[in-house]
Amino acid sequence: MNQDLTVGKPEVVLWKFCLPLFGSILFQQMYNIADSLVAGKFIGENALAAVGNSYEITLIFLAFAFGCNMGCSVTVSQLFGAKEYARMKSAAATACIFSAALCAVLMLAGILGCEWLLRTIRTPKEVFADSQLYLDIYVWGLPFVFFYNIATGIFSALGDSKTPFYFLAVSSTANIAVDIWFVKGFGMGVGGVAWATFLCQGVSCALAVFAVWRRFQKIFVQGKVALFDWGLLQKIVAVAVPSMLQQSFVSVGNIVIQGVINGFGASVMAGYSAAVKMNNLVITSFTTLANGISNYAAQNIGAGKMGRIRTGFFAGIRLVWILGLPLFLLYFFAGKPLLQLFLENPTAVALETGMMFLRILSPFYFVVSAKLVADGILRGTGRMAQFMAATFTDLVLRVLLAVVFAGTSLKATGIWCAWPVGWTVATAMSLCFFARGPWCKRTQGN
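Residues numbered from 1 in each chain as written. Predicted model: local features only at pLDDT ≥ 70, side-chain atom pairs only at ≥ 80, totals over all residues. Heavy atoms only, no water.

Enquirer: So what's going on with the packing of aromatic side chains? Which residues, and what values?
Expert: One pass over the structure, following the stated rule, counts 21 aromatic pairs. Feature note: the residues Y272, F357, W416 and W419 constitute an aromatic cluster, connected by ring pairs. (Phe/Tyr/Trp six-rings, centres within 6.5 Å; stacked < 30°, edge-to-face > 60°.)

Enquirer: Before we move on, could you go through helix α9 (residues 266–302) and cite the residues and values that matter?
Expert: Given a rise of 1.5 Å per residue, 37 residues ought to cover 54 Å, and the 51 Å separating the end C-alpha atoms of α9 matches this to within 8%. The buried count for α9 comes to 33 of 37 residues, which makes it a mostly enclosed element. A positive phi of about 75° marks G304, the residue just after α9. (Helix = DSSP H or I, 4+ residues; strand = E, 2+ residues; numbered from the N terminus. Expected span 1.5 Å × (residues − 1). Buried < 20%, exposed > 50% of the residue type's maximum accessible area, 1.4 Å probe, protein only.)

Enquirer: Describe in detail the pattern of salt bridges, supporting the description with residues and values.
Expert: Inspection of the entire model under this criterion finds five salt bridges. A salt bridge links E115 to R119; the shortest N-O distance between them is 2.9 Å. Here E115 and its partner R119 are both found in helix α3 (residues 85–120), four residues apart, which amounts to about one turn of the helix. Taking relative accessible area as the criterion, R119 reaches 51% and is therefore assigned exposed. Note that K371 is salt-bridged to D375, the shortest N-O span being 2.4 Å. Note that K371 and D375 are positioned in helix α12 (residues 365–380) at a spacing of four residues, about one turn of the helix. (Salt bridge = Lys/Arg side-chain N within 4 Å of Asp/Glu carboxyl O.)

Enquirer: So what's going on with the packing of helix α10 (residues 307–340) against helix α11 (residues 348–361)? Residues and values would help.
Expert: Geometry of a packed helix pair, given as the angle between the helix axes and the separation of the axes. Following both chains from N to C, one finds α10 and α11 inclined at 150°, their axes separated by 9 Å at the closest point. When the axes of α10 and α11 are compared, the pair comes out roughly antiparallel. Relative to α11, α10 is oriented so that their crossing is right-handed. Residue-level contacts link Y331, F332, G335, K336, L339 and Q340 of α10 to L351, G354, M355, L358 and R359 of α11. The residue inventory of the contact of α10 with α11, partitioned by class, reads six nonpolar, three polar and two charged. (Axes fitted to C-alpha atoms, helices over the stretch in contact; angles between N-to-C directions. Parallel < 35°, antiparallel > 145°, perpendicular 65-115°, else oblique. Left-handed = near helix turned anticlockwise from the far one by under 90°. Contact = heavy atoms within 4.5 Å. Nonpolar A, V, L, I, M, F, W, Y, C, P; charged D, E, K, R; others polar.)

Enquirer: Can you explain the state of the cysteines? Please cite residues and give values.
Expert: One pass over the structure, following the stated rule, counts zero disulfides. Of all cysteine sulfurs, the one in C96 lies closest to C72, which takes part in no disulfide; the gap is 6.6 Å. Classification of C72 by relative accessible area gives buried; the value is 0%. (Disulfide = S-S within 2.5 Å.)

Enquirer: How would you sum up unusual backbone geometry? Please name residues and give values.
Expert: The phi torsion at K411 lies on the positive side, around 55°, for a residue other than glycine. Tracing the sequence through the fold places K411 in the loop between α13 (384–406) and α14 (412–435).

Enquirer: How would you explain the packing of α12 against α14 if you had to name every residue and give the values?
Expert: α14 packs onto α12 with a crossing angle of 35° between their chain directions and a minimal axis gap of 8 Å. The two elements α12 and α14 cross, and the hand of that crossing is left-handed. Contact residues: Y365, V367, V368, A370, K371, A374, D375, I377 and L378 in α12; W423, T424, A426, T427, S430, L431, F433 and F434 in α14. By residue class, the composition of the contact of α12 with α14 is twelve nonpolar, three polar and two charged.

Enquirer: Go over helix α5 (residues 142–157) with me, naming the residues and quoting the values.
Expert: The end-to-end C-alpha separation of α5 is 23 Å, in line with the 22 Å expected for 16 residues at 1.5 Å each. Buried residues dominate α5, accounting for 13 of its 16 residues. G159 sits one or two positions beyond α5 and adopts a positive phi of about 80°.

Enquirer: If you had to explain the nonpolar core to someone new, which residues and values would you point to?
Expert: The nonpolar side chains of a soluble globular protein tend to be buried with one another. Among the nonpolar cores identified, the biggest contains 78 residues, and F357, I415, W416 and W419 are the most heavily contacted of them. Top element by residues in this core is α9. It accounts for 17 residues. Leave out the neighbours within four places in its chain, and W416 touches I261, Y272, T353, M356, F357, I360 and L361. Counting residues in hydrophobic clusters, the runner-up holds 47 residues, among them A91, A95, C103 and F216. (Core = buried A, V, L, I, M, F, W, Y, C linked by side-chain atoms within 4.5 Å.)

Enquirer: Kindly report on a nonpolar patch on the surface, identifying the contributing residues and their values.
Expert: A surface patch of nonpolar side chains, amounting to about 430 Å² of accessible area, comprises V241, L245, F249, V252, V256 and V403. Of the residues forming the nonpolar patch, the biggest block, five residues, is contributed by helix α8 (residues 230–262). Within the secondary structure, V252 is located in helix α8. (Patch = residues over 30% accessible without salt bridge, like charges linked within 9 Å, V, L, I, M, F, W, Y side chains within 5 Å. Areas by Shrake-Rupley, 256 points an atom, 1.4 Å probe, with all protein chains shown as cover.)

Enquirer: Explain the side chain of T391 to me, using residue names and the numbers behind them.
Expert: Tracing the backbone shows T391 in helix α13. Side chain to side chain, T391 and K371 meet in a polar contact 3.4 Å long. Ignoring anything within four residues of it in the chain, the contact list for T391 reads Q246, V250, K371 and D375. (Polar contact = N/O pair within 3.5 Å; in protein donor to acceptor, adjacent residues only side chain to side chain.)

Enquirer: Got a sec to walk through the environment of Y365? Specific residues and values, please.
Expert: Turning to its location among the elements, Y365 is positioned in helix α12. Residue Y365 is classed as buried on the basis of its relative accessible area, which comes to 1%. Taking the C-alpha atoms as reference points, Y365 and G187, 178 residues apart in sequence, are found 39 Å from one another. In this structure, Y365 is in contact with N279, V282, I283, F286, F328, Y331 and W423, ignoring residues within four places of it in sequence.

Shown next as structure tokens:
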């Protein structure tokens with residue numbers, strides 16, 4: 001069901017809209033978590049290291065898919081809020097065409113360049129073949145990733161966060177079963193993990209795209225809807241490209257960090273792979289909630305209701321902190337048994353690496369979540385330069401400090417210490433940018 005985010009009490013509206021998004025991202029993260037769990041438990045520590053090593057490269061492709069999601073979602077949100085339904089449909093079609101062309105280019109780049117990337121980040125020879133196999137299969141599934149992101153972006157723009165949740169709940173649960181079936185039943189190794197994800201993401205994508213098509217059929221418009229509009233493409237690109245650059249540079253930064261980590265051996269790689277999957281579950285959850293706040297801000301901008309944005313920001317902060325508190329407590333105090341879910345007979349080094357990572361980063365979840373909520377407002381209102389400035393500051397600090405600290409007596413622990421520094425400085429910047437926005441003027445009404 002479509003939901004107008006421009007009416008009703010902002011806190012109630014955001015809770016109803018964002019909670020299904022939170023559930024969706026938990027299920028979506030189950031794809032990657034299931035891959036690591038099955039690889040670590042049923043294949044071995046090297047397989048877990050290979051999946052984790054490949055994951056950092058897959059994030060580059062996901063960055064472009066996420067950019068298409070945000071460009072489409074923000075543009076469609078603004079047109080939906082302004083009740084310009086014909087242009088809204090045209091924007092969705094334009095986003096699909098743009099995404100298809102971009103996906104084709106990235107598939108070609110992935111087929112030709114993944115081996116080079118794996119060598120560039122110093123992938124150890126004992127995990128190289130499995131890392132390449134996982135990536136080769138992943139690249140062929142990129143159309144599913146892109147069109148699923150477009151579909152969920154459209155649902156979010158229409159205020160519907162429940163439909164994607166239903167699709168993901170089924171497909172991600174099935175992914176766990178298929179992972180185990182392919183790996184343990186057929187003995188397919190890391191290839192089985194990749195093929196299971198490929199198939200389940202394909203089903204999820206097909207269902208989501210079909211549901212969007214049916215939803216649009218129910219929205220009546222007069223006249224013919226243009227399948228491609230250059231003006232709307234410019235609006236989509238204005239949001240999509242900065243989002244792509246932001247996410248892809250973050251991914252490149254993570255790859256640089258992965259290259260530093262690889263120098264410490266497979267055990268440290270495995271411990272980091274398990275811990276970073278758990279960390280990414282939290283950060284991606286916060287990011288998804290912030291995306292919902294972007295849709296909220298975009299609809300209200302389109303409707304000319306500027307004053308609701310400030311109220312929505314503080315409601316968003318309360319939301320992410322309430323959801324983040326149990327995750328912090330779980331990771332900080334119960335990190336060891338959680339890590340052991342990923343590792344079968346883990347080495348002491350792998351377990352110690354993962355525990356140290358979680359204990360250093362988890363207290364700062366309250367800091368980075370505030371940044372992501374502010375970023376959601378900035379992105380939804382089109383303030384992409386400010387959004388990118390804060391994000392790149394975080395990235396540069398994390399990468400530089402990780403490289404520097406890794407060369408000190410702290411060794412791998414120094415790499416984890418770089419995260420809180422980058423998060424704290426970038427959060428201060430994002431909050432300052434938010435505080436200077438017109439929505440903070442007391443004269444603005446709700």
